[in-house]
Amino acid sequence: MTLGSLLIVEDESIVALDLRHNLENLGYRVVGLCATGEDAIRQAACHRPDLVLMDIHLAGQLSGTEAARQIREQQQIPSIFLTAYAEEDILRQAENSAPYGYLLKPYQLRELNATVRMALACCQATQEGERQQRRLQLAVEAAALGVWEWDGEQQAFHVGGEFDRIFDQQAPLPDGSKDAFLNSLHSDDRQRLQPLLEQGRPLNTVVQLATPATGKPQWVELHARSFSTPGSRHQRVVGVARDVTRQRQMEQQLRQASIVFQTSAEGILILDAQRRIVSANAAFTQLTGYPSEAALQRNPDDFLHVQPHAEPFYQQLADNTPDHWHGDMLCQRRDGSQFPCRQHICAVNDEQGQLSHYVLAFSDLSAIRAAEEHIHHLAYHDELTGLGNRHHLQRELEKEIRRAERNGHSVGILFVDLDGFKQVNDTLGHGAGDQLLASIAKRLQRQLRSSDIATRQGGDEFLLAIPDVQQPEDCAWLAENLLAIVRDPIMIQGETIRVSGSIGIALYPADGADIPSLLKAADSAMYAAKKSGKNRYRFFSSEMTSQAKERLQVEQGLQQALAQQQLRVFYQPTFSLRDGTIHGFEALLRWQHPQLGLLPSARFISVAEEAGLLTAMELWLLKTVCQQGRQWQQQAGRPLNMAVNLSATTLASATFCQQLAEILQQSQLPAACLALEINETTLQALDQREARLSALQHLGVSLTVDDFGSGASSLLLLQQPHFSRLKISQTFIDGGAQHPSQQAILHTLGQLARQLNVQLSAKNIETLSQWQLLQGSGCDSGQGYLLCPPLPAEAIAHMFGQALHNPVGELACAS
């Protein structure tokens, strides 16, 4: 039996061979002979002997003590020194390699044998201890444990294993005391553990670290026991530490999941692999009426689902193809009532990937479905009247057109617009206007068949679609009835309201092959009805297309007219009928349209009012006229009257007086030189007329009644002291002096004006007989093409040098 393997390091070959022979006879296995330290290191690494017999003085660079040290550090192989030297410095060098023996030459063979055998025994014991230590270390690493010890006698704190990693390298602190350990803990845990350590009591607890490196909470599980050292009064505490942050987080998540499960508004069922209920939350009972106890061990398909899933559905979930599903289902409560629900089902696998459970969650969609129906109603119906809206018309009209195309029928489109609705809003308020619209909507519906489609397009516009029209007269008959019921008086807020309607009629397919074309045709026909006097209906005709196109051009172009400076001002002089000199100018608005050319105001004023641009245009006109008037007055050296015709829309603006005052101040035109011309129709439609006229008169501007005599209450206007001029209607001078009554009426008006201290003026003087008639009636001033046509400012400025002081005849020649 081999006692052990040896490596002999001896520089004298005879001694080495003899030593090898003796050792092998004793039962040892000699793996090699070396003469140098360098060769000893190589052979030790190659043969891995149990023990090295090392001479100290060797050939080569390395001494035996140095070679033994390196072999011990690199290969963990001990040495026995065989040498003839034992001086103090050699012994100190030998100690550095921690030898297992030191024999002085000459030595006895039995002495060597005893030394080698004892060294090998020590080596085996050491290796076994190291194996056990390594086994313990691996176990600590496998369990991710940190080892710690508090030595009360030495007042030292020692750590090992995974301690530094667990405590994020916070311990041990330089002083090595238990305070280093305690300070790394949360303050509450520190106060709790400190007396336990001092008393030596066992520890089995979980603590939280004070300042984890990650910045997130970290928990550590501690176990420790106290051991008494014989003959010592101090305690020795040995323990282990384990990071349980993940377990603690999982426990918190489980608690949170449990709370969510119990408090969720959704019904949640946990099913086993056979789809039997093993757990149900409180919401399940609230939604279905089933107590959780009554549902346990039952399949939801047997009592909850009205239409259960097919068997392959669950098999696909179990096979993870996919592992979850969500969708809408119909469920039933314990009382038999049914309700729609949104359901989510997922399969849960265990650690081996085998199906273990299903989780089924569902929520009641009844309120959502009701809200969706309400939203759908709002999306397709007008909230005020309950009629359909644009979307409803689009959807239903598409169906009727497809049906009419199959059956060869026509579809009628009636575009109904109320006349006078704005006046109701302005006088009685929007609340009254809403009541009026709701009442008109009910009246319209009562005249229609169940198959007809009634919609409100917005404002006071209603659009009716009439399927299965056999002949156009059917639509005409319906339009007559609708106009009649719209005209019937309505009592609102104690007031009797009367409005009328204008109706445009278009037919599919004659007037349009698609919905946009039909609506456009009906809209054009409605505007034609309104333009021809309102309270009537009109069928669409091809001529309306060009009119509608021009109207569209005008409406779209007005948006850019102001911004791109396309508006122009023409001025028509007003002459004294006594001496023919110029008294002033009337400003007339024109639009230099890029495609349509120079347009008079009659072509775009009504469109501008509907588009909400009229006030901005008239304010621009006032500013331009006041600046021009100031310039011409400076050139003429005398006052000139600048007249501007204004609409009710501008006069009714709450800020108009302030804006006019700012314009006069900026232009420095005397207020008395600005005349605001207001026709009788505008005056009758003006809200708070007395207050607004007084405010304008307070600014110092003069007010003129334009087209006097055309209204039903012209003479009543003379009772108001606000006006300084009356501009008589053209009807009084048509035909010149052919009618004797004309001259009498004009003479009477002239006398009345003088008695009221107001001036009398005439417009549209086109013939010499009209001129003569006005001169003989006492009219103060006049204007018209006989005297001078409207001219741009440049032309007026050109003739300033002679015209402002010349009589009419010379002015006419100059112009």
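Bear in mind the structure is a predicted one, so any value in this text is a computation, not a measurement. (Residues numbered from 1 in each chain as written. Predicted model: local features only at pLDDT ≥ 70, side-chain atom pairs only at ≥ 80, totals over all residues. Heavy atoms only, no water.)

### Some thoughts on the side chain of Arg443
(1) Moving on: Tracing the backbone shows Arg443 in helix α17 (residues 430-446).
(2) Moving on: Buried within the structure, Arg443 lacks any salt-bridge partner; its nearest side chain of opposite charge belongs to Asp488, at an N-O separation of 4.8 Å.
(3) Moving on: At 3.1 Å, the side chain of Arg443 forms a polar contact with the backbone oxygen of Pro489.
(4) Moving on: Once you skip the residues sitting within four places of it in the chain, Arg443 turns out to touch Ile485, Val486, Asp488, Pro489 and Ile490. (Helix = DSSP H or I, 4+ residues; strand = E, 2+ residues; numbered from the N terminus. Buried < 20%, exposed > 50% of the residue type's maximum accessible area, 1.4 Å probe, protein only. Lys, Arg positive; Asp, Glu negative; His and termini not counted. Salt bridge = Lys/Arg side-chain N within 4 Å of Asp/Glu carboxyl O. Polar contact = N/O pair within 3.5 Å; in protein donor to acceptor, adjacent residues only side chain to side chain. Contact = heavy atoms within 4.5 Å.)

### Describing α17
Working note: α-helix, 3.6 residues per turn, so residues spaced by three or four point in the same direction.
(1) Moving on: Under the 1.5 Å per step criterion, the end-to-end length of α17 is 25 Å for 17 residues, consistent within 8% with the ideal 24 Å.
(2) Moving on: Here α17 has its buried residues at Ala432, Gly433, Leu436, Leu437, Ile440, Ala441, Arg443 and Leu444.
(3) Moving on: In the core, the buried residues of α17 are packed alongside β16 (410-419), α16 (421-428), β17 (453-458), β18 (461-469), α18 (472-487) and β19 (490-492). (Expected span 1.5 Å × (residues − 1).)

### Description of the pairing of strand β11 (residues 267-272)
(1) Moving on: In terms of burial, β11 is largely enclosed, as five of its six residues are buried.
(2) Moving on: Note: β11 against strand β15 (residues 355-364), six bridges, orientation antiparallel. Counterpart to Leu269 in the pairing with β15 is Leu360.
(3) Moving on: By the bridge criterion, three bridges tie β11 to strand β12 (residues 277-280) in an arrangement that is antiparallel. (Pairing = 2+ DSSP bridges.)

### Description of the pattern of salt bridges
Think of it this way: side chains of opposite charge can pair up when their charged atoms draw near.
(1) Moving on: For the coordinates displayed, the defined rule picks out 25 salt bridges.
(2) Moving on: One salt bridge connects Glu66 with Arg69, and the closest N-O pair in it is separated by 2.5 Å. One end of the pair, Glu66, and the other, Arg69, are both in helix α3 (residues 64-75), three residues apart, so they sit about a helical turn from each other.
(3) Moving on: For Lys727, the salt bridge is made with Glu677, and the minimal N-O distance between the two is 2.6 Å. One end of the pair, Lys727, is in strand β29 (residues 723-728); the other, Glu677, is in strand β27 (residues 674-679), with 50 residues separating them in the sequence.
(4) Moving on: Judged by relative accessible area, which is 2%, Lys727 ranks as buried.
(5) Moving on: Salt bridges here are not isolated pairs; linked through shared partners, they connect Glu10, Asp55 and Lys105.

### Observations concerning unusual backbone geometry
Generally, phi is negative for residues other than glycine and the peptide bonds are trans, each holding for most cases.
(1) Moving on: For the bond from Lys105 to Pro106, the omega torsion is -10°, close enough to zero to count as cis.
(2) Moving on: Residue placement: Pro106 occurs in the loop between β5 (101-104) and α5 (109-142).
(3) Moving on: Although it is not a glycine, Asp468 sits at a positive phi angle of roughly 55°.
(4) Moving on: Structurally, Asp468 can be placed in strand β18.
(5) Moving on: Taking the relative accessible area as the measure of exposure, Asp468 reaches 26% and is therefore partly exposed.
(6) Moving on: Positioned with a positive phi, Lys534 is a non-glycine residue whose angle comes to about 65°.
(7) Moving on: Considering the arrangement of structural elements, one finds Lys534 in the loop between α19 (515-531) and β22 (536-539).

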